[in-house]
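Structural characterization, general
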Amino acid sequence: MRTLVLIVCSFLLFGCSEEGVLTSGRVAENIAPDASLQYSGNFVPTAGISVAGAAQIYFSEGSYKVQLTGFSISNGPDLKVYLSKSDVPNNFVNLGNLSSQTVYEIPDSVEVADYSHVLIHCQQYNHLFAVAALTQN
Amino acid sequence: MRKLVLVAFLFFGSKTLFAQGCSDAGICSIDKGFDRETDSVRQVIETAVVYSLGEADVKYVSPYVAYTKHFSSKFSFTARVTYSTATGSFGTRSQFGDAFLIGNYRFKPKQQKQWSAMLGFKFPFTASNLKINGYSLPLDYQSSLGTIDVLAGTALKTGNFDWQLAVQIPVVNLNRNSYFSEYSGTTDFPSTNLFERKPDALFRATYTWQLPSRKLTFKPNVLFIYHLGEDTYENIFSKRVSIAGSDGLTVNINGLASYRLTKKQQLEVSVATPVVVRDIRPDGLTRSFVLGVSYQILF
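The following paragraphs examine the structure supplied in this document. (Residues numbered from 1 in each chain as written. Chains lettered and ligands numbered in written order. Predicted model: local features only at pLDDT ≥ 70, side-chain atom pairs only at ≥ 80, totals over all residues. Heavy atoms only, no water.)

**Quick notes on the interface of chain B and chain A**
Taken together, the contact pairs 34 residues of chain B with 33 residues of chain A. Both sides of the chain B and chain A interface together cover about 2500 Å² of buried area, and 48% of this is carbon and sulfur. Taken together, the connections running from chain B to chain A amount to 1 salt bridge. A salt bridge links Asp78(A) to Lys131(B); the nearest nitrogen and oxygen atoms lie 2.6 Å apart. Joining chain B to chain A, the criterion identifies 21 residue pairs in polar contact (both at pLDDT 80 or more). The leading source of residues in the side of chain B that touches chain A is strand S5 (residues 91-106) of chain B, at 6 residues. Each residue belonging to the side of chain B that touches chain A can be placed in one class, and the counts come to 13 nonpolar, 16 polar and 5 charged. Across 5 bridges, strand S1 (residues 15-19) of chain A lies against S5(B) in antiparallel orientation. (Contact = heavy atoms within 4.5 Å. Buried area = accessible area lost by both parts, 1.4 Å probe. Salt bridge = Lys/Arg side-chain N within 4 Å of Asp/Glu carboxyl O. Polar contact = N/O pair within 3.5 Å; in protein donor to acceptor, adjacent residues only side chain to side chain. Helix = DSSP H or I, 4+ residues; strand = E, 2+ residues; numbered from the N terminus. Nonpolar A, V, L, I, M, F, W, Y, C, P; charged D, E, K, R; others polar. Pairing = 2+ DSSP bridges.)

Below is the structure:
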């Protein structure tokens with residue numbers, strides 16, 4: 001009976017995937033050499049998480065971008081990069097999935113000066129991983 | 001002859017249309033427990049595979065297995081597990097979808113009319129947030145909507161006609177989808193980050209036409225699904241917004257041919273295509289064409 005349960009559970013966990021045109025890798029986005037650093041802050045972890053690095057916000061050619069520098073963090077299942085108005089994820093702009101890329105574009109409609117933090121947040125389990133309080137450069 | 005024309009139309013009809021689909025094996029297929037006429041059958045094991053075409057270039061192969069136990073001539077219970085493989089520009093994603101547990105009760109016939117009722121639940125195996133290579137996927141690529149649903153319905157059999165009325169109500173939303181159209185590189189699918197789905201109501205009319213030998217049965221039917229409200233999602237600014245046009249009516253025409261191989265084995269082929277659709281279909285149940293084949297063992 002235990003074997004049967006194990007087989008059933010194994011099947012339930014079974015899933016597979018294969019990348020396609022829209023998921024076949026990321027084009028590394030870079031900060032332009034002439035971009036000006038506007039805001040920056042070091043990441044601080046929440047309980048049980050380890051994190052290193054900083055968030056920097058650059059302005060170039062009419063748009064803002066967040067760059068994560070020297071960045072590493074504990075593994076999480078559904079980590080997002082938020083530009084937030086506070087140190088908790090209540091009022092924020094979701095910049096997308098945390099991935100191997102280090103640059104995240106901020107939508108043009110966002111008034112960057114209104115936002116004070118960059119957060120790394122696990123959306124699936126609603127768990128905050130790290131907080132970077134921004135200061136103006 | 002008219003029925004043959006209808007079946008042919010279902011096979012070769014308007015492939016370019018889209019519909020809210022029956023691919024989730026939800027309310028579109030809840031009538032299974034109602035439709036067996038053989039009182040001697042106590043148990044049924046069914047295995048099936050469904051091929052369908054979705055939005056954009058998405059294609060699906062969705063097998064399922066089901067077990068039905070007839071406790072008496074009145075009461076039966078069905079358990080079903082679904083699996084789904086979706087293939088398209090985002091890649092290929094395969095995963096278990098949902099488990100369905102459904103009870104059916106058949107009332108005593110009166111004056112050639114027979115009522116039946118069903119009540120069931122749908123449990124998802126995923127939170128509808130499967131990814132490929134770290135990229136979030138639209139609901140069209142998810143194997144489940146990530147909701148625990150209640151399914152309830154009633155059916156009336158009068159002569160060769162069956163009339164069914166049912167609702168599928170999400171009661172617990174476990175959906176943690178994180179797809180944003182803005183970050184995906186395509187506009188084929190709407191954003192569905194932290195999607196919340198509204199209930200559906202269903203009405204189906206089925207005509208049963210059996211050959212004199214009783215080996216072959218045709219069941220053309222028309223299926224009306226009304227999505228009772230606009231679905232919502234959380235946009236990139238962390239605000240919950242309604243998806244305009246996601247509510248409303250879908251009408252599918254379906255055909256089913258059932259062939260009795262032996263006294264204890266049955267083969268079914270079904271096709272479906274839509275004729276009326278909602279403006280926006282974010283739930284990923286959209287299909288332009290569905291072809292299903294199922295094999296049943298009755299004992």
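Moving on, there is more to tell.
**So, the nonpolar core**
Within the largest apolar cluster, 26 residues are counted, with the highest numbers of intra-cluster contacts made by Phe43(A) and Leu83(A). If you list the elements that add at least two residues to this core, you get strand S2 (36-45), strand S3 (51-60), strand S4 (63-73), strand S5 (79-84), strand S6 (92-97), strand S8 (117-122) and strand S9 (127-133) of chain A. Sequence-distant contacts of Phe43(A), that is, excluding residues within four places in its chain, are made with Val51(A), Gly53(A), Ala54(A), Ala55(A), Leu68(A), Phe71(A), Val118(A), Ile120(A), Ala130(A), Val131(A) and Ala132(A). Among the nonpolar cores identified, the runner-up in size contains 9 residues, and Val58(B), Tyr60(B), Ile132(B) and Leu137(B) belong to it. (Core = buried A, V, L, I, M, F, W, Y, C linked by side-chain atoms within 4.5 Å. Buried < 20%, exposed > 50% of the residue type's maximum accessible area, 1.4 Å probe, protein only.)

**Topic: the pattern of salt bridges**
All names here are of chain B. Taken as a whole and judged by the stated rule, the model has 9 salt bridges over all chains. We note a salt bridge from Asp 98 to Lys 122, for which the minimum N-O separation is 3.0 Å. Here the residue Asp 98 occupies a position in strand S5, and Lys 122 occupies one in strand S6 (residues 113-124), the gap between them amounting to 24 residues. Here the two residues Asp 98 and Lys 122 agree in accessibility, since each one is buried. Connected via shared salt-bridge partners are Arg 197, Asp 200, Arg 278 and Asp 283.

**Remarks on the packing of aromatic side chains**
Counted under the stated rule, the structure contains 18 aromatic pairs over all chains. Between Phe161(B) and Trp163(B) the ring centres are 5.5 Å apart and the planes differ by 15°, which places this aromatic pair in the stacked class. The class of Phe161(B) is partly exposed, set by a relative accessible area of 35%. Within the aromatic cluster, the residues linked to one another by ring pairs are Phe161(B), Trp163(B), Phe203(B), Tyr207(B) and Phe224(B). When the ring centre of Tyr115(A) is taken as reference, the NZ or CZ atom of Lys85(A) above it lies at 5.3 Å. In this arrangement the basic side chain of Arg287(B) is found over the ring face of Tyr60(B), its NZ or CZ atom lying 3.6 Å from the centre. (Phe/Tyr/Trp six-rings, centres within 6.5 Å; stacked < 30°, edge-to-face > 60°. Lys NZ or Arg CZ within 6 Å of the ring centre and 35° of its normal.)

**Details of the side chain of Ser62(B)**
Residue and element names in this part refer to chain B. Inspection of the secondary structure puts Ser 62 in strand S3 (residues 59-70). Judged by its relative accessible area of 8%, Ser 62 falls in the buried class. Discounting chain neighbours no more than four positions away, the residues touching Ser 62 are Ala 48, Val 49, Val 50, Tyr 83 and Ser 84.

That is the geometry; function is a separate question.
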